[in-house]
Amino acid sequence: MDKHSPIGFFDSGVGGLSVLSCFKNILPNEDTIYYGDLKNLPYGDKSQAQIIGYSKKILDFFENQGVKAVVIACNTSSALAYESVKDHYDFKLYPVLQSCAKVVSSMPIKRVGVFATEGTVKSGAYAKEITKNNPDIQVREMSCPNWVKIVEKLVLDIDPEADIKSKLDEMLQFNPDKIILGCTHYPFLTPILTKFAPEALFINPADIFVEFIKSDLGENNLLNPKTTGGKEEFYVSANPEGFKDHAKIFYRINEGVGINLA
Ligand code: DGL
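Because the structure is predicted, anything quoted here is derived from the model rather than measured.

Here we come to the site of the ligand. Close contacts around the ligand come from 14 residues, with Asp 11, Ser 12, Tyr 43, Thr 76 and Thr 184 the closest. Measuring from an oxygen atom of the ligand, one finds a backbone N or O atom of Asn 75 at 3.0 Å. Thr 184 is positioned such that a nitrogen or oxygen atom in its side chain is 2.8 Å from a nitrogen atom of the ligand. Protein coverage of the free-state accessible area of the ligand, which is 300 Å², stands at 99%. When each cavity is represented as a set of grid points, the ligand is found to reside in the largest pocket. When grouped by side-chain class, the residues that make up the shell around the ligand number six nonpolar, seven polar and one charged.

Written out as structure tokens, the structure is:
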């Protein structure tokens, strides 16, 4: 593995740019390649077999690009595909869900709430991963089927704030010490969530995750030594124009950087 090689990031769409953004704040000199699987978006309501198929295809793409690591920025892929793909590639794989769960399981807390997509909640992966390391923590997982659409500003015949408040009220009855925003899009709802509960209650997995990646790359002597700022590339499986448009909510793509169709 070459420390000068790029790092791949993938998600079903633009949501994983929230992870890329946190990553770039901490490791600005790494070269990155981002892949948004817009053709198959959303992942949240797909079967496990479908998610494994999509994830393998993207990881094969990154293998051809010669990456040193891939960040699975999507919680649903981490929950449903990571276990099936993790031994098939030579590069390092960083799944957001497992890394976040590991850090949370070492916190001095008793009850953790998780908001995530239907697929992630059905898999029970957050509960499994957290209690594997700390069986004393109780985990309550809840799916929020409207929240990705709220962030993407898609048309919905509901009041977004009322929907968010009602889910949060239900979760607060569990009296959680922390709530994981376990979907790439949900951290963008923090301004609404914090109208009804303190900010310190919420965990954005990306914040925890990128610190973990940094230390792991360091331990494996894989940090890029260059000091001039990393190169960025973007690929999508469909709809480059739509990606560029939606990406603005999540990330500032530099002028002149194109969105390539993979
Ligand atoms: N990126 C997905 C996740 O983190 C959410 C969006 C989708 O359903 O595709 O679970």
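Further notes follow.
Turning our eyes to something else, we now look at the sheet that holds strand S9 (residues 232–236). If you walk across this open sheet you meet the six strands as S4-S3-S1-S2-S9-S10, and the pairing is parallel. Looking at the sheet topology across the chains shown, the edges are occupied by strand S4 (92–95) and strand S10 (259–261). On average, each strand axis in the sheet is inclined to that of its neighbour by 25 degrees, with strand direction left out of account. Examined bridge by bridge, S9 and S10 share three bridges and lie parallel to one another. Bridge pairing in S10 places Val 236 opposite Leu 261. In the packing of helix H1 (residues 17–26) onto the sheet, the strands contacted are strand S1 (7–11), strand S2 (32–36), strand S3 (69–72) and S9, and the crossing angle to S2 comes to about 170 degrees. Running at roughly 65 degrees to S4, helix H5 (residues 96–105) makes contact with S3 and S4 of the sheet.

By the definition in use, this model includes 15 aromatic pairs. With centroids separated by 5.0 Å and ring planes inclined at 65 degrees, the aromatic side chains of Phe 61 and Tyr 235 adopt a geometry described as edge-to-face. One end of the pair, Phe 61, is in helix H2 (residues 48–65); the other, Tyr 235, is in strand S9, with 174 residues separating them in the sequence. Three or more aromatic residues link up through ring pairs in this structure, and these residues are Tyr 34, Phe 234, Phe 243 and Tyr 251. Sitting above the plane of the Phe 196 ring, Lys 165 keeps its charged end 5.6 Å from the centroid.

All right, on to unusual backbone geometry then. Residue Pro 42 is reached from Leu 41 by a cis peptide bond, and omega for that bond is -5 degrees. With respect to the helices and strands, Pro 42 occurs in the loop between S2 and H2. Even without being glycine, Asn 175 reaches a positive phi, approximately 60 degrees. Mapped onto the secondary structure, Asn 175 falls in the loop between helix H9 (160–172) and strand S7 (178–181). Assessed through its relative accessible area of 48%, Asn 175 is described here as partly exposed. You will see that Asn 239, though not glycine, has its phi angle at about 55 degrees, which is positive. If you trace the backbone, Asn 239 turns up in the loop between S9 and helix H12 (240–247).

Reading the values: rules and limits
- Residues numbered from 1 in each chain as written.
- Predicted model: local features only at pLDDT ≥ 70, side-chain atom pairs only at ≥ 80, totals over all residues.
- Heavy atoms only, no water.
- Near = heavy atom within 4 Å.
- Polar contact = N/O pair within 3.5 Å; in protein donor to acceptor, adjacent residues only side chain to side chain.
- Areas by Shrake-Rupley, 256 points an atom, 1.4 Å probe, with all protein chains shown as cover.
- 1 Å grid on protein atoms, 1.4 Å probe; cavity = no way out; pocket = protein on both sides within 12 Å on 5 of 7 lines; lining within 4 Å.
- Sits in = over half its atoms within 2 Å of the grid points.
- Nonpolar A, V, L, I, M, F, W, Y, C, P; charged D, E, K, R; others polar.
- Pairing = 2+ DSSP bridges.
- Helix = DSSP H or I, 4+ residues; strand = E, 2+ residues; numbered from the N terminus.
- Axes fitted to C-alpha atoms, helices over the stretch in contact; angles between N-to-C directions.
- Contact = heavy atoms within 4.5 Å.
- Phe/Tyr/Trp six-rings, centres within 6.5 Å; stacked < 30°, edge-to-face > 60°.
- Lys NZ or Arg CZ within 6 Å of the ring centre and 35° of its normal.
- Buried < 20%, exposed > 50% of the residue type's maximum accessible area, 1.4 Å probe, protein only.

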